[in-house]
Amino acid sequence: MTMRRTAVAAVAAALTLLAAWGGAHSATAATPAPAPAAKTAKAAKTVETVETVETAKTAKAANAAGTCAVLAPGASAVAEKAVAAACEQIGVWYTWGGGHGPQPGPTYGQVDPSDPDSAHDPERLGFDCSGLVRYAYARAAGGDPLTGNAHHQFHSPRVQQRFTAAQATGPLLPGDLLAWGSGGPIHHIAIYLGAGKMVEARESGTRITVSDVRLDGDYAGAVRIAPPAAAPGTFSTWGTDVWTHREPSTTSPRVHKFPGPTTVRIECQKHAEPVTAEGYTNDAWSYLPEYGAWITNIYIKGAAWLDGVRTCP
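Residues numbered from 1 in each chain as written. Predicted model: local features only at pLDDT ≥ 70, side-chain atom pairs only at ≥ 80, totals over all residues. Heavy atoms only, no water.

K.L.:
Mind laying out the sheet that holds strand β5 (residues 177–180), listing which residues take part and the relevant values?
P.N.:
As summarised here, the arrangement of the six strands in space is β4-β9-β5-β6-β7-β8, forming an open sheet in which the pairing is antiparallel. Where the open sheet ends on each side, the last strands, each with one partner, are β4 (159–163) and β8 (209–212). With direction set aside, neighbouring strand axes in the sheet form an average angle of 35°. Where β5 lies against strand β6 (residues 188–194), four bridges are found, and the strand directions are antiparallel. The residue of β6 that forms the bridge with Leu 177 is Ile 191. Strands in contact with helix α3 (residues 77–87) are β6 and β7 (197–200); relative to β6, the strand with the most contacts, it is inclined by about 110°. (Pairing = 2+ DSSP bridges. Helix = DSSP H or I, 4+ residues; strand = E, 2+ residues; numbered from the N terminus. Axes fitted to C-alpha atoms, helices over the stretch in contact; angles between N-to-C directions. Contact = heavy atoms within 4.5 Å.)

K.L.:
Help me get a handle on the state of the cysteines, residues and values and all.
P.N.:
Put plainly, a disulfide is one covalent bond tying together the sulfur atoms of two cysteines. All chains considered together, the criterion is met by two disulfides. Each sulfur in the disulfide pair Cys 68 and Cys 87 lies 2.0 Å from the other. Residues Cys 68 and Cys 87 share a disulfide whose torsion about the S-S bond is about -70°; that sign makes it left-handed. Of this pair, Cys 68 sits in the loop between α2 (37–66) and α3 while Cys 87 sits in helix α3, and the two are 19 residues apart along the sequence. A residue is classified by how much of its surface remains accessible, and Cys 68, at 17% relative accessible area, is buried. Cysteine pairing in the protein chain follows 1-2, 3-4, where each cysteine in a disulfide is numbered by its order in the sequence. (Disulfide = S-S within 2.5 Å. Buried < 20%, exposed > 50% of the residue type's maximum accessible area, 1.4 Å probe, protein only.)

K.L.:
Describe the pattern of salt bridges, naming the residues involved and giving the relevant values.
P.N.:
Think of it this way: side chains of opposite charge can pair up when their charged atoms draw near. Under the definition given, this model contains eight salt bridges. Residue Asp 241 pairs with Lys 257 through a salt bridge whose shortest N-O separation is 3.9 Å. In this pair, Asp 241 sits in the loop between β10 (234–236) and β11 (242–245) while Lys 257 sits in strand β12 (residues 254–258), placing the two residues 16 residues apart along the sequence. Overall, Asp 241 belongs to the partly exposed group, its relative accessible area being 46%. A salt bridge links Arg 310 to Glu 267, with the nearest nitrogen and oxygen atoms 3.9 Å apart. Residue Arg 310 is located in the segment after β16 (293–296), and its partner Glu 267 is located in the loop between β13 (263–265) and β14 (268–277); the two are separated by 43 residues in the primary sequence. The class for Arg 310 is partly exposed, based on a relative accessible area of 46%. Classification of Glu 267 as partly exposed rests on a relative accessible area of 33%. (Salt bridge = Lys/Arg side-chain N within 4 Å of Asp/Glu carboxyl O.)

K.L.:
Can you tell me about the environment of Ala 72, naming the residues and giving the values?
P.N.:
Checked against the element boundaries, Ala 72 lands in the loop between α2 and α3. Counting along the chain gives 100 residues from Ala 72 to Leu 172, while the straight-line C-alpha distance between them is 9.6 Å. Beyond its immediate chain neighbours, meaning those up to four positions away, Ala 72 contacts Pro 174, Leu 193 and Gly 194.

K.L.:
I'd like a rundown of the layout of surface pockets, residues and numbers included.
P.N.:
By volume, the largest pocket amounts to about 1,200 Å³. Along the walls of the largest pocket sit 46 residues, with His 100, Asp 128, Ser 130, Asn 149 and Ala 150 positioned nearest its centre. In this model, the second largest pocket occupies a volume close to 160 Å³. Around the second largest pocket, the lining residues are Asp 241, Val 242, Trp 243, His 245, Thr 250, Arg 254, Val 275, Thr 276, Ala 277, Trp 285, Thr 296 and Tyr 299. Elements represented by at least two residues in the lining of the second largest pocket include exactly β11 and β14. (1 Å grid on protein atoms, 1.4 Å probe; cavity = no way out; pocket = protein on both sides within 12 Å on 5 of 7 lines; lining within 4 Å. Points joined across faces, edges and corners; volume = space filled by probe spheres on them.)

Here it is in structure tokens:
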């Protein structure tokens with residue numbers, strides 16, 4: 001009986017050992033052999049190449065969609081800096097009256113009575129069209145060279161060269177200012193990027209964006225801004241809502257209103273109708289050639305009779 005039990009135990013042990021060896025062999029066969037290092041590196045390089053190509057395609061698509069940047073050669077360093085400053089504001093709200101605070105930069109806007117979309121502008125920090133242009137050139141040139149609204153900027157003494165609507169975008173360089181309002185006062189202004197593109201603060205309810213240049217409608221042409229050196233005869237107005245007149249007299253027709261301090265060029269001055277305002281009385285008037293209008297010297301920063309300005313005939 002003892003010998004029989006011993007034989008059975010031996011057979012069981014042998015079967016157990018055989019099963020264990022078979023399981024280990026099966027497990028070894030199911031585990032794949034590690035790939036050679038060269039093949040692994042090659043596969044990684046292939047993935048990296050595909051990702052690089054896809055990244056390049058994405059960047060190219062983004063540029064085609066309207067990336068804000070200098071898109072043509074030939075502009076001055078100041079103009080290129082102005083483009084860069086404006087492009088930094090992509091996505092900022094348009095807000096009516098925005099950007100016209102004491103210093104260049106975004107401000108809360110106002111409600112435009114003629115535009116229902118401006119209802120939320122007092123809650124939005126941003127720029128209107130001329131506020132963006134003012135900020136961009138202040139950043140680029142230093143100081144505050146393009147104060148006032150779009151009309152004042154288009155007629156600024158800082159303008160170096162003008163281009164008619166008929167010339168389209170052919171002679172334009174990045175940083176040039178495009179304007180609309182050929183039938184009257186300029187009411188919109190934008191910054192040219194090149195390649196038929198511009199950056200603009202367009203209207204309430206939208207954000208600063210890149211757009212195709214619009215040459216239809218009342219496109220009035222474009223201007224190129226001169227380097228920062230002050231133009232001869234350049235002065236600044238002061239006060240708010242100051243009107244210019246067709247003749248050196250307060251009773252002559254009004255021409256343009258300066259909502260706040262604005263850089264102007266004075267061609268000459270003369271003695272004419274005495275004016276009393278802001279606690280001053282003065283009979284000197286200055287002629288502004290860009291506006292074809294006169295302004296009392298009371299609202300020009302400087303002496304009552306301006307130094308270095310000739311007398312009008």
